[in-house]
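# Understanding the architecture of this molecule
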Amino acid sequence: MRWDHLAENPAAGPNAALFGTSAVTTRTFDAPEFSGITFHEVRARSILNRVPGASRMPFEWTVNPYRGCTHACVYCFARKSHGYLDLDTGLGFDSQIVVKINAPELLRRQLAARGWQGAHVAMGTNVDCYQRAEGRYRLMPGIIAALRDRANPFSILTKGTLILRDLELLRQAAEVTEVGVCVSVGFLDHALWRDVEPGTPAPGRRLDVVRTLTGHGIGCGVLMAPVIPFLGDHPDQLRATVRAIAAAGATSVTPLTLHLRPGAREWFMAWLGERHPHLVARYERLYAAGAYAPTWYQRRITRQVHELAAEFGIGPADRGLPRRPGTPERSADPDPGSDPGQTQLTLL
Ligand code: SF4
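Residues numbered from 1 in each chain as written. Predicted model: local features only at pLDDT ≥ 70, side-chain atom pairs only at ≥ 80, totals over all residues.

### Focus on the overall build of the chain
On a plain count of helices and strands, the chain comes out with 12 helices and 12 strands. For the chain, the proportion of its 348 residues judged to be buried stands at 46%. Excluding contacts between residues fewer than 6 apart, the proportion of contacts in the chain whose partners are at least 24 apart in sequence is 81%. (Helix = DSSP H or I, 4+ residues; strand = E, 2+ residues; numbered from the N terminus. Buried ≥ 20, exposed ≤ 12 C-beta atoms within 10 Å, placed from the backbone. Contact = placed C-beta atoms within 7 Å.)

Right under this line is the structure:
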């Protein structure tokens, strides 16, 4: 891969103001894997983000070195957060990637701050930290090393096989602190994968990540997400997916039904109308009450997956992402440079 950029435009562009006073350097690369993608490099002022108190998430702190995601999942819940930067939530989310190039050094500094109490840090909760850009920017090794050196517990949720590049670092961290890894695999269907998650590694390759991590003593759960109504929820599909997850050696499987928050909903429904027009009316009925499928539907999926997990011998379904070990008494440095999207948690 070459660092051949076609354009470099420091501190400019219509979105510069969105990143506060930070300079924004915009780059494109001519390597085939970055075709059509623009990177906006910024120097973040804070990298530890506190999850809003009302969140139902089992962690309180997150680190997100990227905004936008080239994995380009049609249903991606984080699309709306791109709008906070005045960036397009459709194709723009897939191709305009914000890179916090100082994330590793900033994290190291914030972890050393006197106010930091060593709380669990979750990564991959907004966008994928092992998306394609990470192959170029290599922010995660420095981030993991910073957490390892402070013996700070953390978890990573990803669809990216690139995480295996950092296997040795993860292993070292797991020797001194609690490390949780969870891979997201909602279904195995190849045609559906190509259509709905076009920038991601194939589901089978993601399960190879599970296999490799567990083989190296790093327990890895699977977030079975999203289960897509009428396209990926047939009992035979659920069975095949859970069976493959079990065969990969996952320590847990946690199902999550598709939800369609504003931002993702419009994009997904446009895709559905184009690819599966006969399903549009059914979706409008299923999601008539808002972003979530009805409770009866979610419960049915959860029950089916739990029964299959028991049948195939996977552990309890609530052990995917480790719960945070405690609540810090004081916050780390507040993040004056953060924007509302920073605290938007999506889960892959
Ligand atoms: S769902 Fe996850 S992997 Fe897919 S585009 Fe969104 S952040 Fe990226």
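### Description of the packing of helix α5 (residues 140-149) against helix α6 (residues 167-176)
One can describe the packing of α5 onto α6 by two numbers: an axis separation of 9 Å at closest approach and a directional angle of 15 degrees. Here α5 lies roughly parallel to α6, going by the angle between them. The handedness of the crossing between α5 and α6 comes out as left-handed. Taken together, the residues of α6 that come into contact with α5 (itself represented by Pro141, Ile144, Ala145, Leu147 and Arg148) are Leu169, Leu170, Gln172, Ala173 and Val176. Split into classes, the residues belonging to the contact of α5 with α6 amount to 8 nonpolar, 1 polar and 1 charged. (Axes fitted to C-alpha atoms, helices over the stretch in contact; angles between N-to-C directions. Parallel < 35°, antiparallel > 145°, perpendicular 65-115°, else oblique. Left-handed = near helix turned anticlockwise from the far one by under 90°. Nonpolar A, V, L, I, M, F, W, Y, C, P; charged D, E, K, R; others polar.)

### Topic: the nonpolar core
Soluble, globular proteins show a tendency: their nonpolar side chains are buried together. Judged by nonpolar contacts, the single largest core of 86 residues is most densely connected at Ile143, Val210, Val222, Met224, Ile245 and Val253. At 6 residues, the largest contribution of residues to this core is made by strand β11 (residues 220-227). Setting aside its immediate chain neighbours within four residues, Met224 contacts Val185, Gly186, Thr241, Ile245, Val253, Thr254, Pro255, Leu256 and Val305. (Core = buried A, V, L, I, M, F, W, Y, C linked by C-beta atoms within 7 Å.)

### As for the environment of Val121
Tracing the backbone shows Val121 in strand β8 (residues 121-123). Judged by C-beta crowding, with 26 C-beta atoms within 10 Å, Val121 ranks as buried. Those residues in contact with Val121, other than ones at most four positions away along the chain, are Trp61, Thr62, Val63, Leu147, Asn152 and Phe154.

### Side note on helix α10 (residues 264-275)
Working note: α-helix, 3.6 residues per turn, so residues spaced by three or four point in the same direction. The first and last C-alpha atoms of α10 sit 16 Å apart over 12 residues, in line with the 16 Å expected at 1.5 Å per residue. Within the span of α10, buried status applies to Ala264, Trp267, Phe268 and Leu272. Viewed end-on, α10 has its buried residues packed into an arc of 135 degrees, placing them on one side of the element. Turned more than 90 degrees away from the buried face of α10 sit Ala270, Gly273 and Glu274, all of them exposed. Close packing links the buried residues of α10 with α1 (79-83) and α11 (280-286). (Expected span 1.5 Å × (residues − 1). Arc of directions from axis to C-beta.)

### Considerations on unusual backbone geometry
With an omega dihedral of -10 degrees, the bond running from Ala225 to Pro226 counts as a cis peptide bond. With respect to the helices and strands, the residue Pro226 is situated in strand β11. With a phi close to 50 degrees, Ala151 is a non-glycine residue in the positive phi region. Tracing the backbone shows Ala151 in the loop between α5 and β9 (154-158).

### Focus: the sheet that holds strand β5 (residues 61-63)
Spatially, the 7 strands line up as an open sheet ordered β4-β5-β8-β9-β10-β11-β12, and their pairing is mixed. Looking at the sheet topology across the chains shown, the edges are occupied by β4 (48-50) and β12 (253-257). The average angle at which neighbouring strand axes cross in this sheet is 25 degrees, direction not considered. Relative to β11, strand β10 (residues 179-184) runs parallel, the two being bridged by 4 bridges. Of the residues in β11, the one forming a bridge with Cys182 is Gly221. Its contacts with the sheet place helix α12 (residues 295-312) against β11 and β12, and it is angled at close to 160 degrees to β12. (Pairing = 2+ DSSP bridges.)

### Details of the pairing of β11
The buried fraction of β11 amounts to 8 of the 8 residues, a majority that puts the element mostly inside the structure. Relative to β12, β11 is paired through 4 bridges, and the arrangement is parallel. Bridging across to β12, Met224 finds its partner in Pro255. Since β11 and β12 lie parallel, the crossover through helix α9 (residues 235-247) that links them has a hand, and here it is right-handed. (Right-handed = clockwise from strand over helix to strand, strands pointing away.)

### Some words on the environment of Ala23
Looking at where Ala23 falls in the secondary structure, it is placed in the loop between β1 (5-10) and β2 (24-29). With 12 C-beta atoms packed within 10 Å, Ala23 lands in the exposed category.

### What about the packing of helix α3 (residues 103-111) against α5?
Two elements in contact, α3 and α5, have axes whose closest approach is 8 Å; the angle formed by their N-to-C orientations is 15 degrees. In terms of orientation, α3 lies roughly parallel with respect to α5. Crossing handedness for the pair α3 and α5: right-handed. Judged by residue contacts, Ala103, Pro104, Leu107, Arg108 and Leu111 of α3 engage Gly142, Ile143 and Ala146 from α5. Of the residues belonging to the contact of α3 with α5, the class tally is 6 nonpolar, 1 polar and 1 charged.

### What to know about the confidence of the model for the chain
For the chain, mean pLDDT is 86; residues scoring 70 or higher make up 83% of the total. For the stretch residues 1-18, pLDDT sits under 50, and the model shows 34 contacts to residues farther than four places along the chain or on other chains. Within the model, the stretch residues 317-348 combines pLDDT values under 50 with 103 contacts to residues more than four positions away or in other chains. (pLDDT = per-residue confidence, 0-100.)

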